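Tertiary structure, described
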Amino acid sequence: MRLEAALEHAGLVLVGFLGEGAWHCAWQVNRGEQQLVLRIPKTIAYGKQVAFDEVALKAEYAGTKLYYQTVNKAQEGAAPLFFDYYVTPELTYTIETYAGSQIDLHTITLEKAYKIGLQTGAIHKATEEIPHGLTGFGYLAWSEEKGLHGTFNGDVRKFIYEESEEHLADYQALCEAFLDYDDILVKKALQLAANLRKKAFTKPLLGNQDVSPENILCNGENVCLIDPYPSIYYARGMAGNFMNLYETYFVTLADTERYKKHHFQDCIENLRMIAKGFIEGYSAGNQQIVGEVRGEQLLQLLETAHSHFRLLSEDIAKETEIRYGNKEQIKKRLVTLSKELKELATSQIKVLV
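Keep in mind the model is a prediction, meaning the values are calculated, not measured.

Rules used throughout
Residues numbered from 1 in each chain as written. Predicted model: local features only at pLDDT ≥ 70, side-chain atom pairs only at ≥ 80, totals over all residues. Heavy atoms only, no water. Domains from an automatic or database assignment. Buried area = accessible area lost by both parts, 1.4 Å probe. Salt bridge = Lys/Arg side-chain N within 4 Å of Asp/Glu carboxyl O. Polar contact = N/O pair within 3.5 Å; in protein donor to acceptor, adjacent residues only side chain to side chain. Helix = DSSP H or I, 4+ residues; strand = E, 2+ residues; numbered from the N terminus. Nonpolar A, V, L, I, M, F, W, Y, C, P; charged D, E, K, R; others polar. Core = buried A, V, L, I, M, F, W, Y, C linked by side-chain atoms within 4.5 Å. Buried < 20%, exposed > 50% of the residue type's maximum accessible area, 1.4 Å probe, protein only. Contact = heavy atoms within 4.5 Å. Pairing = 2+ DSSP bridges. Expected span 1.5 Å × (residues − 1). Arc of directions from axis to C-beta. Phe/Tyr/Trp six-rings, centres within 6.5 Å; stacked < 30°, edge-to-face > 60°. Lys NZ or Arg CZ within 6 Å of the ring centre and 35° of its normal.

Our next topic: the domain arrangement of the protein. Taken as a whole, the protein is organised into domain 1 (1-99) and domain 2 (102-351). Using C-alpha coordinates to define each centre, domain 1 is positioned 25 Å away from domain 2. Both sides together, the interface formed by domain 1 and domain 2 hides about 2500 Å², and carbon and sulfur atoms give 66% of it. A per-residue breakdown of the area domain 1 buries against domain 2 is headed by Tyr46, Tyr67 and Ala99, which together make up 30% of the total. The tally of links from domain 1 across to domain 2 stands at 1 salt bridge. The partner of lysine 48 in a salt bridge is glutamate 319, and the shortest N-O contact between them spans 2.9 Å. For the pair domain 1 and domain 2, the number of links is 4 residue pairs in polar contact (both at pLDDT 80 or more). In terms of residue count, the dominant contributor to the side of domain 1 that touches domain 2 is helix α2 (residues 54-74) (13 residues). The class makeup of the residues in the side of domain 1 that touches domain 2 is 15 nonpolar, 6 polar and 6 charged.

Nonpolar side chains tend toward joint burial in soluble globular proteins. By size, the foremost hydrophobic cluster in this structure holds 57 residues, and its most contacted members are Leu105, Ile216, Tyr246, Phe250 and Phe264. A per-element tally of this core places helix α6 (residues 235-252) first, with 8 residues. Each of domain 1 (1-99) and domain 2 (102-351) accounts for three or more of the residues forming this core. Those residues in contact with phenylalanine 264 that lie beyond four places of it in its chain are Leu105, Pro213, Phe250, Val251, Ala254, Tyr259 and Leu271. One finds Tyr171, Leu190, Ala305 and Leu341 within the second-largest nonpolar core, a separate group that totals 23 residues.

Right, let's talk about the pairing of strand β7 (residues 92-97) for a bit. Here β7 lies mainly inside the structure; 5 of its 6 residues are buried. Summarising the sheet, strand β3 (residues 34-41) and β7 pair through 4 bridges and their orientation is antiparallel. Bridging from a neighbouring strand, leucine 38 pairs with isoleucine 95 of β7. Direction of pairing for strand β6 (residues 83-87) relative to β7: antiparallel, over a ladder of 5 bridges. Its bridge partner lying in β7, phenylalanine 83 is registered against glutamate 96. Where β6 folds back on β7, the antiparallel hairpin that results is connected by 4 residues.

Over its 22 residues, helix α4 (residues 156-177) runs 31 Å from end to end, which matches the ideal 32 Å to within 8%, given 1.5 Å per residue. Listing the buried residues of α4 in full gives Val156, Ile160, Ser164, His167, Leu168, Asp170, Tyr171, Leu174 and Cys175. Projected down its long axis, α4 shows its buried positions confined to an angular sector of 150°, all on one face. Facing away from the buried side of α4, by more than 90 degrees, are the exposed residues Lys158 and Glu176. Elements that come into contact with the buried residues of α4 comprise β9 (137-143), α5 (184-200), β14 (230-233), α8 (287-311) and α10 (327-352). You can read the cap of α4 off the contacts: a side-chain oxygen lies 3.0 Å from the backbone nitrogen of arginine 157, and it is on aspartate 155.

Attention shifts here to the packing of aromatic side chains. Within this structure, the stated rule accounts for 24 aromatic pairs. Arranged with centres 5.8 Å apart and planes meeting at 35°, the rings of phenylalanine 137 and phenylalanine 152 form a pair that is tilted. With phenylalanine 137 in strand β9 and phenylalanine 152 in strand β10 (residues 147-152), this pair connects stretches of sequence that are 15 residues apart. Its relative accessible area of 4% is what places phenylalanine 137 among the buried residues. Note on phenylalanine 152: relative accessible area 37%, which makes it partly exposed. Aromatic pair phenylalanine 137 and tyrosine 233: ring centres 6.4 Å apart, planes at 15°, arrangement stacked. Of this pair, phenylalanine 137 sits in strand β9 while tyrosine 233 sits in strand β14; the two residues are 96 residues apart in sequence, bridging distant segments of the chain. Grouped by ring-pair contacts, the aromatic residues Phe242, Tyr246, Tyr249, Phe250, Tyr259, Phe264, Phe278 and Tyr282 constitute a single cluster. Note that arginine 323 overlies the ring of tyrosine 46, its terminal NZ or CZ placed 3.9 Å from the centroid.

If you want it as structure tokens, here you go:
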């Protein structure tokens, strides 16, 4: 019913079903000569009913529109050129340019994976350099009075400092709970990473936290980024998040219900080759930038481990189990993450100095 209503309301002709993500189902549609994608939010996500939230939806969709517009200023065609949305309790949907097909990690060559990462990294860096024009910082929010804006106000440098100290405190908590985490080299590398971000931060820039493989499209030889999770913060943090996802997170959590359909454990080399291309495209050979990104990657990996640690003291809700698995899986993964943290600290400590 909602599909038919959206097609009629937007004047669209259905072509076919494209698939579903965690929060939306997507269809390929046409409007005249335009090839578009229609997305409708799911009523059930991560095992629970999704209530209509006008403010949250408008923040998400207005943020997506801003991100697409900014990306296209940096590199035209690197995001859908058209995006619009409609939000009411009775009918909610988005429509955007059809921009290509999802990458298939299981069939692309290592050379192709590297090129995808290289383009994606260059797009991220170029997008950061475009002024976003928003007030505040953090994840994006929306209100009738202010429109789209950052969730937080105040001294962002103080926020960065306090967050950096929290990272170090989180590591100490892990060391006290699991002796295997206590490592002199890891402690030194984390301290260097925390110091580096305090020194390197200049101003909050527009970044994208969600560049999972399903959100990277290929149209011929060109990459197009879709379905972002934008924020205004320390840009190197988003780059470090990308590296953590592709070098560690996706494979480590491949056994969860959220990710098992992707079989990430079977395409480790392509994931890592995308990461290799990304950091080279993002840094363009600047070793200072490489060090800043690797520092953020280390802190992201630390927080992946600490989030698992916190879950052991909580009741595992259905949504959490879909994302992280049961407590036995979480305990087992903590051992793996300890090894990953040591390996990353050992391999990257020189670039953090």
